[in-house]
Amino acid sequence: MESLDGLLEGLDAEIDETMRGMLRTSDVLEACESLSETIRSGKAGFLTEALLRDGIQDPVPTLTALADALSRESLTVKLMSELGSDEPFEISRVDNGKQHFEGWSPVGVLLHITAGNSPIVAPMAAVEGLLTGNINLLKVASNLGDFATEVLLYLSGFHNLGEYIYLLRIRSSDKPTMRFLMNRADCISAWGGEEAIESIRKDAPRGTPVVEWGHKISFAYITPECLDEATADKLAASICRNEQQSCSSPQCVLVDTESRDDVDRMGDLLARALDKARDSLPRRKPEPAEAAEITATRELHRADLYYNDGDVIEDPEHTYRILISYTTKFMPSPLYRTVWLSPLPRRDLTSSLRSMRRYLQTAGVACSLNDLEPITTSLFRAGVQRITPLDSMSASYSGEPHDGGYALPKFVRRVSMRLEMETNGIVGMRELRTPDNTPPGGPIQGKKDYPPIPEGGVRVLTKSGGTTAAPIYCGYSDNDYRRYIVEPAVKSMMALGLDPERDVVADLLRAGSLYGGMNFFISIFDRMHVRNLNISGLDDVNLVAKLMVDGKATAVLGAPSYIIKVFQENHDLLKGYGRVRKIFFGGEMFSAGQVRWLEEEFGIESIQSILYGANETGTMGYGCRFCDRDEFHLNSEIQKLEILRTDSDESVGPGETGRLVFTGFLREEGRTQRYEIGDLGEWIPGDCPCGRKEPRFKLLGRYGDVMRIGGTFFNFRRISKLLTDCLGYTGNLQVILDHDGLKDRMVVCIDDGSFDTEAASAALMEYDSFAKTVPTGLISFEVRDVGRDGFVVNNVSLKITPVVDRR
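This is a predicted model, so every value here is computed, not measured.

K.L.:
Residues and numbers for the overall build of the protein chain, please.
P.N.:
Of the regular secondary structure elements, the protein chain holds 24 helices and 35 strands. When contacts within the protein chain are restricted to residue pairs at least 6 apart in sequence, long-range pairs at least 24 apart make up 70% of them. A total accessible area of about 35400 Å² is found for the protein chain, and carbon and sulfur atoms account for 49% of it. Taken as two groups, the 91 positive and 118 negative side-chain charges of the protein chain have centres that lie 2 Å from each other.

So this is what it looks like as structure tokens:
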């Protein structure tokens, strides 16, 4: 086996090579979630054995705590709480109206010098280092190495995590090796007592920051009305857990009283509780030096009793000891179920404890609600960093500060960038980076496979509009809503040229009935700080136009058919107003004739599809100023796209049309795995002139756009194109299929009162599908002017259903 010196000789070269790559936060989360699930499923016997080898007699609490801490949910909360993002290294705009970008960057090489008081310290230190994208050199305590080794070996098996972890079990007294490691560190994270930390500071290179996690003292504070058996049992549990080795374990018990009787009562209650705990909570015996310290502390206290009143309560088997003083005594204990018990009236809390403020950490408090505010205020002012219930002083919640601050910001740098070049509205640098295109696996799914809503409900519930199929209910967690709804829409609006500082957007999307629409865009516009008018798709389109004009709208958001209706029925008002220059639409497509009419009649300069999305999948694609209205960039940070042949599950070739199949790989609720959305499309080759590297695809309609009637296939989009190209038709369009006696009938519905329906019928006969079926009597066919209000419309989304099959 190669010597440590030999291994360290190649460390610089390895660090340089690793620095050329990147550690993805999503890969770290995946690895940690896998280990968490392994522990929860009872398959972590290798970790149990490692803990036993490290001297932990009861591994279950440690494993449970590790599983909770490493879950994707907990770590995501930690990232959001401490760094404000679950993708902290993405350099992104901080002001959508300016080209100011910020993000986090790893410090580089992080040296962890961990302590031996808890087996979970080294693994969690490594995880914090990985979450911050750093190369981690971990020096673990010589008596606690097996557990850390097994945890880090497991994590190293995922992606490139192994390149960012170096584990060394060496003694702190090995000064040459310690200095070698320190000289390669950009930051040192050190655990230990004052002498150890001071020694590390002395040896650290000048300018290298040292993050201290020094020894702390924690205690219980109890009011007289809470002196009962239940309180004592809770306190005993915290005293016995991990033999007080954690900084959050109580070493002192303070009673809010001046009465000796209250102190004695607490002593008796606690002794009985520790007697019960002796049999129920496994005990780890102290090492000889630790036992000697316990004996010395106890005997010194006995000697002090000749001069100062107090007492000693000790178990005959020496499993615990309560050192009682009738004057306030606040000092570290020798641990192993040893506590100081004394009075401290609340009026003296701050003055008595403040001198120890550098060392105070956790106060386990038992009091009434009436006492909570004054007691906790005094404790925080004295320097206490966390307040907890008595029985869970060592427990924590996701995102909780540690020792009065957050760990992750200490291991990163905040970086900024200001640009003056044209960036085509990019929100973040990721858009300029080629995304991972690893295809997903598993069976192809559809609406019937969409996950049901959990019994406890979801954070955000929507219902698909039902324009093309039966509606389904769609669930989103908070993270889903941010990742799949809000952030992609902001990205899209910026890419399409919305100006957050100048534009006023009239939102004409419908709200209510669990439909996303306006409800979503309230959040989106709020995130962008864009002025907006929440008008909705009102039945009174005259009122809609008035509100647009009164609100000084410069842009409109809505469904194409509804937008056309608003502009048609308020032609003179909106043309005279003349300030609407941008239209953002979704759910349907404008025909070329409608676009031309809006541009020529109203001076509209930009008509863009806001995004490509669905209630069940969230956002799937977004356009840019170089995309046609049916072309989109893939939202590759949240979606994977496969385009599969219409007759098999094989990928299409270049230029081929296929089925769009999406995988929302970050969804927490309503996860879509190879979800067939019901649309057809094709890949667009080459790079986009906007500079974005995210692949592009062209939307070619829905399966339902292709109809079979009279034994022949018809395409709705081709019918629309013929009417526009041949006759300049600019209105709405709908096809209704039903029966005419024994024949199938197709009714092509239009809404232009001045339009020649006979000319339209003649134009459509140029389509070979009509030419093969109408003259031979296979189908009956009619072009019918139904007026603006005669179309079949979805009541929720206000979209005109393109094809209505009544057969």
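K.L.:
Can you break down the state of the cysteines residue by residue, with the values?
P.N.:
In the structure shown here, the tally under the stated rule is zero disulfides. Cys 226 provides the cysteine sulfur closest to Cys 367, a residue in no disulfide bond, and the two sulfurs are 6.4 Å apart.

K.L.:
Can you explain helix H12 (residues 260-280)? Please cite residues and give values.
P.N.:
In an α-helix, one full turn covers 3.6 residues, which means residues spaced three or four apart are oriented alike. Taking 1.5 Å per residue, 21 residues should reach 30 Å; H12 reaches 30 Å between its end C-alpha atoms and fits that length. Among the residues making up H12, those that are buried are Asp 262, Val 263, Met 266, Gly 267, Leu 269, Leu 270, Ala 271, Ala 273, Leu 274 and Ala 277. Where the residues of H12 are buried, they touch strand S8 (217-222), helix H11 (229-240), strand S9 (250-255), strand S10 (310-314), strand S11 (321-325) and strand S12 (338-343). Here H12 starts with a cap whose side-chain oxygen sits 3.1 Å from the backbone nitrogen of Asp 261, and that cap is Ser 259.

K.L.:
Can you lay out the packing of helix H4 (residues 45-53) against helix H8 (residues 146-156) for me, pointing to particular residues and giving the numbers?
P.N.:
The geometry of H4 relative to H8 is characterised by a closest axis approach of 7 Å and an angle of 155 degrees between their N-to-C directions. Put simply, H4 runs roughly antiparallel to H8. Contacts from Phe 46, Leu 47, Ala 50, Leu 51 and Arg 53 of H4 reach H8 at Asp 146, Phe 147, Glu 150, Val 151 and Tyr 154. Looking at side-chain class alone, the contact of H4 with H8 contains seven nonpolar, no polar and three charged residues.

K.L.:
I'd like a rundown of the side chain of Arg 667, residues and numbers included.
P.N.:
Mapped onto the secondary structure, Arg 667 falls in the loop between strand S27 (658-663) and strand S28 (675-684). Relative accessible area serves as the criterion here: at 4%, Arg 667 is assigned to the buried category. Side-chain polar atoms of Arg 667 contact the backbone oxygen of Glu 616, separated by 3.1 Å. In this structure the side chain of Arg 667 is engaged in a polar contact, spanning 3.2 Å, whose partner is the backbone oxygen of Gly 670. In contact with Arg 667, other than residues within four places in its own chain, are Tyr 450, Gly 475, Tyr 476, Asp 480, Tyr 484, Glu 616, Thr 617 and Gly 618.

K.L.:
I'd like a description of the sheet that holds strand S20 (residues 555-558), backed by residues and values.
P.N.:
With parallel pairing, five strands are arranged side by side in an open sheet as S19-S18-S20-S21-S22. Each having just a single partner strand, strand S19 (531-534) and strand S22 (606-609) make up the two edges of the open sheet. On average, adjacent strands in this sheet sit at an angle of 20 degrees to one another, irrespective of strand direction. The strands touched by helix H19 (residues 560-569) within the sheet are S20 and strand S21 (582-585), with S20 carrying the most contacts at an inclination of about 130 degrees.

K.L.:
I'd like a description of the nonpolar core, backed by residues and values.
P.N.:
Among the nonpolar cores identified, the biggest contains 62 residues, and Leu 155 and Ile 188 are the most heavily contacted of them. Setting aside anything within four residues of it in sequence, one finds Ile 188 in contact with Leu 111, Ile 113, Met 182, Ile 200, Ala 204, Thr 208, Pro 209, Val 210 and Val 211. Judged by nonpolar contacts, the second largest core, of 45 residues, contains Tyr 476, Tyr 481, Ile 524 and Phe 584.

K.L.:
Let's hear about the pattern of salt bridges: which residues, and what values?
P.N.:
Pairing between side chains becomes possible if they bear opposite charge and their charged atoms approach one another. This model, assessed by the stated rule, comprises 68 salt bridges. Two residues, Arg 483 and Asp 86, come together in a salt bridge whose shortest N-O distance is 2.5 Å. A residue pair is termed long-range when its members are at least 10 positions apart, and Arg 483 in helix H16 (residues 478-495) and Asp 86 in the loop between helix H6 (72-83) and strand S1 (92-95) qualify at 397 residues. Arg 179 is the salt-bridge partner of Asp 203, the closest N and O atoms lying 3.7 Å from each other.

K.L.:
So, the pairing of strand S18 (residues 504-507): which residues are in play, and what are the values?
P.N.:
Along S18, one buried face is formed by Val 504 and Ala 506 and the opposite face, lined by Val 505 and Asp 507, is buried too. Across four bridges, S18 lies against S19 in parallel orientation. Bridge pairing in S19 places Ala 506 opposite Leu 533. This β-α-β element, S18 to helix H17 (residues 517-528) to S19, shows right-handed connectivity. When S18 meets S20, the two strands line up parallel, connected through three bridges.

Cut-offs used in this document
- Residues numbered from 1 in each chain as written.
- Predicted model: local features only at pLDDT ≥ 70, side-chain atom pairs only at ≥ 80, totals over all residues.
- Heavy atoms only, no water.
- Helix = DSSP H or I, 4+ residues; strand = E, 2+ residues; numbered from the N terminus.
- Contact = heavy atoms within 4.5 Å.
- Areas by Shrake-Rupley, 256 points an atom, 1.4 Å probe, with all protein chains shown as cover.
- Lys, Arg positive; Asp, Glu negative; His and termini not counted.
- Charge placed at Lys NZ, Arg CZ, Asp CG, Glu CD.
- Disulfide = S-S within 2.5 Å.
- Expected span 1.5 Å × (residues − 1).
- Buried < 20%, exposed > 50% of the residue type's maximum accessible area, 1.4 Å probe, protein only.
- Polar contact = N/O pair within 3.5 Å; in protein donor to acceptor, adjacent residues only side chain to side chain.
- Axes fitted to C-alpha atoms, helices over the stretch in contact; angles between N-to-C directions.
- Parallel < 35°, antiparallel > 145°, perpendicular 65-115°, else oblique.
- Nonpolar A, V, L, I, M, F, W, Y, C, P; charged D, E, K, R; others polar.
- Pairing = 2+ DSSP bridges.
- Core = buried A, V, L, I, M, F, W, Y, C linked by side-chain atoms within 4.5 Å.
- Salt bridge = Lys/Arg side-chain N within 4 Å of Asp/Glu carboxyl O.
- Right-handed = clockwise from strand over helix to strand, strands pointing away.

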